[in-house]
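Coordinates in review
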Amino acid sequence: YNRAKCVISFSEYDGYPLTLAEAARCRTPVIAALTPSVNEVLNNSAVTCDPNKITEIADFIGYICSNNIFRDNLINKMKLPKASTLDAYLKLYNQ
């Protein structure tokens, strides 16, 4: 995640988006489907959009990859995933 310009995920069925939480911990911008779990885990710091709007997704990807000021602003606004949520998920996963 550390070398990526952004992480993209449009799964609408993740109970807990672990890969997105990992990306956020590495301070890598996230583009994802607008789902309650994404907003909860990433504290509303992901760029979210409708997975059916391909042009919008492409625009976000292009903008994040080509505009370092925008990308840096996203990174600065990012909050780490809620530790209690991540810890609870990892405990469940390890059972």
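Anyway, here's the lowdown on the structure attached to this text. Every value quoted in this text rests on a predicted model; they were computed, and no experiment measured them. (Residues numbered from 1 in each chain as written. Predicted model: local features only at pLDDT ≥ 70, side-chain atom pairs only at ≥ 80, totals over all residues. Heavy atoms only, no water.)

Let us look at the overall build of the chain. Within the chain one finds 5 helices and 3 strands. Going from the N terminus to the C terminus, the chain shows its helices and strands as β-α-β-α-β-α-α-α. Evaluated residue by residue, the chain yields a buried proportion of 36% over its 95 residues. For the chain, long-range pairs separated by at least 24 residues make up 49% of all intrachain contacts whose partners lie at least 6 apart in sequence. Of the roughly 5,900 Å² of accessible surface on the chain, a fraction of 52% belongs to carbon and sulfur atoms. (Helix = DSSP H or I, 4+ residues; strand = E, 2+ residues; numbered from the N terminus. Buried < 20%, exposed > 50% of the residue type's maximum accessible area, 1.4 Å probe, protein only. Contact = heavy atoms within 4.5 Å. Areas by Shrake-Rupley, 256 points an atom, 1.4 Å probe, with all protein chains shown as cover.)

Moving on, we come to the sheet that holds strand 3 (residues 47-49). Pairing within the open sheet is parallel, and its 3 strands lie in the order 1-2-3. Looking along the sheet, the strands with just one partner apiece sit at the ends: strand 1 (7-9) and strand 3. Between one strand axis and the next, the sheet turns by 15 degrees as a mean value, whatever way the strands run. Relative to strand 2 (residues 30-33), strand 1 runs parallel, the two sharing 3 bridges. Bridge pairing in strand 2 places V7 opposite V30. (Pairing = 2+ DSSP bridges. Axes fitted to C-alpha atoms, helices over the stretch in contact; angles between N-to-C directions.)

Its location among the elements puts C26 in the loop between helix 1 (18-25) and strand 2. Each residue touching C26, except ones within four places of it in the same chain, is listed here: Y1 and N2.

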